[in-house]
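Single-letter residue listing:
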Amino acid sequence: MASSKNLSRFWEWGRKIICVGRNYAEHAKELKNAVPTEPVLFLKTPSAYVREGAPILMPYYTNSLHHEVELGVVIGKGGKDIAQSSAMDHVEGYALCLDMTARDVQDQCKKKGLPWTLAKAFDTSCPVSDLISRETIKDPHNIKIWLKVNDVLRQEGSTSSMIFSIPFLISYISRVITLEEGDLILTGTPKGVAAVQEDDEMVAGIDDIISMRFRIKKQL
Ligand SMILES: CC(=O)CC(=O)C(=O)O
Ligand SMILES: [Mg+2]
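Residues numbered from 1 in each chain as written. Chains lettered and ligands numbered in written order. Predicted model: local features only at pLDDT ≥ 70, side-chain atom pairs only at ≥ 80, totals over all residues. Heavy atoms only, no water.

- The protein has the name Oxaloacetate tautomerase FAHD1, mitochondrial in an unreviewed UniProt entry, where Eleutherodactylus coqui is given as its organism.
- What the UniProt record of the protein gives under Sequence similarities (unreviewed entry) is the line "Belongs to the FAH family." (UniProt positions renumbered as here; feature names shortened; annotations may be inferred.)

Okay, structure coming up:
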């Protein structure tokens, strides 16, 4: 265990959510983005967290809210300039995450060269599962993450297809941003991202290890 503190409710710690984009070549291609040679990073704030039982709120300014199912890595021991060789010592566990994205807004931001904050960091843009222990996921680079909308499979991908591994990402991020206990790293989404509508129900999972269910509601 990386930490002596109780991170079982890591989302209540108010720590950073660091997201990696385009970490699956097939997803980069489906959005006509170049496959990256270095990780693409962006941030969400802790108010992005939402837990099962509460709805995901579609921002009033989007007509195209996309789902992105992702493996989350929960940091248990902070650090700066972490070496790849010791990076896994900093991992407390994992979480199933969604990186909800206002795709039309993101497209506009890209065209104008503006940051993605409105597209990616709005309240409820980061639904998360319970903490999953490292013992439960022995090989985080060989699990299947999947997502269904109204019972129809939309996304299914293996973490073996990630371009940048978890140790590489921890090392890379920690050279730029000091990692702290309770931080969450979203490791990118496989292909199949698409829009959801009000009242749609999403069920996402990691193999048969964990699943979670969320409904979409419009922000009032
Ligand atoms: C283009 C994106 O929105 C990148 C992203 O979030 C990903 O997971 O890939
Ligand atoms: Mg994403």
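On we go.
A closer look at the environment of Phe42
Item 1. Along the chain, Phe42 turns up in strand β2 (residues 40–44).
Item 2. Among the residues examined, Phe42 registers a relative accessible area of 11% and is labelled buried.
Item 3. Along the sequence, Phe42 and Cys19 sit 23 residues apart, while their C-alpha atoms lie 5.2 Å from each other.
Item 4. Excluding residues that lie within four positions of it along the chain, Phe42 makes contacts with Ile17, Ile18, Cys19, Val20, Gly21, Asp99, Trp116 and Lys120. (Helix = DSSP H or I, 4+ residues; strand = E, 2+ residues; numbered from the N terminus. Buried < 20%, exposed > 50% of the residue type's maximum accessible area, 1.4 Å probe, protein only. Contact = heavy atoms within 4.5 Å.)

With respect to the UniProt feature "domain: Fumarylacetoacetase-like C-terminal" (unreviewed entry) in the protein
Item 1. Here the UniProt feature "domain: Fumarylacetoacetase-like C-terminal" (unreviewed entry) sits at residues 16–216.
Item 2. Span residues 16–216 is 15% helix and 35% strand, its end C-alpha atoms 24 Å apart.

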